[in-house]
Amino acid sequence: MAAIAAFVGTAVLAIALTRAPVRSDASLSYRLSGQACPTSGLEAWLGLGAASAAAAARPGGADPPGAYPGHETYYTLEFTNVSDRTCSLFGYPEVSAYQDSPVAGGPVAGPVGGTAIRDTSVRPKPVMLEPGATAHAVLRVASDTKPAGCAEVTAEELRITLPRQARPSFVASHIPVCSQRGHASLSVQAIQARPGIPG
């Protein structure tokens, strides 16, 4: 009887273990991501970049074929947590070029060209940002800002909307972009940990 009771107990335990809830990767990622960083708690700024710095930011430091010619220009969008709480960033910022003042023969003040396309060469990962810490995303500016039917203008600001946030922030810039509506002169990588500028 003792042996039978031990067997039954083992069987019940096995059933209980096999029926234990399994946490999915999605739920685990959500738990690790924590509270999203609000726009009001971050200071966004633009760092100067170069093709070599952008290559170093990608796994292996190698450019995907044809995607990053050496004469294109790179910047880093830096995000510093100026709040007193740890928060998280995950995914791609939405970036658009803006112009403060109208240019003769060009577009009126406002958005210029199309929204930056997503550069998927870097896989998005949750970034935990402690107070005072900085994360970054690499921004690429296409070298061809004068395709057919396009006038080149200088974007005086970048409009940046963080993932899971509705309120945008504006960062001063001086970047040549194509003014043609819908033409994307910019592409942006997923947000990564640590500052993107050397130092």
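Calculation rules
Residues numbered from 1 in each chain as written. Predicted model: local features only at pLDDT ≥ 70, side-chain atom pairs only at ≥ 80, totals over all residues. Heavy atoms only, no water. Helix = DSSP H or I, 4+ residues; strand = E, 2+ residues; numbered from the N terminus. Buried < 20%, exposed > 50% of the residue type's maximum accessible area, 1.4 Å probe, protein only. Contact = heavy atoms within 4.5 Å.

Caption draft 1: Spotlight on unusual backbone geometry. A positive phi angle, close to 65°, is found at Arg164, a residue other than glycine. Turning to its location among the elements, Arg164 is positioned in the loop between β9 (152–161) and β10 (169–178). Looking at Arg164, the relative accessible area reads 48%, which means it is partly exposed. Phi at Arg194 is positive, roughly 75°, even though this residue is not glycine. Summarising the element assignment, Arg194 is placed in the segment after β12 (192–193). A residue is classified by how much of its surface remains accessible, and Arg194, at 61% relative accessible area, is exposed.

Caption draft 2: Examining the environment of Phe90 more closely. Mapped onto the elements, Phe90 comes out in the loop between β3 (87–89) and β4 (94–99). It is 8.6 Å that separates the C-alpha atoms of Phe90 and Arg164, two residues lying 74 residues apart in sequence. The residues touching Phe90, leaving out its near neighbours within four places in the chain, are Pro124, Lys125, Pro126 and Pro163.

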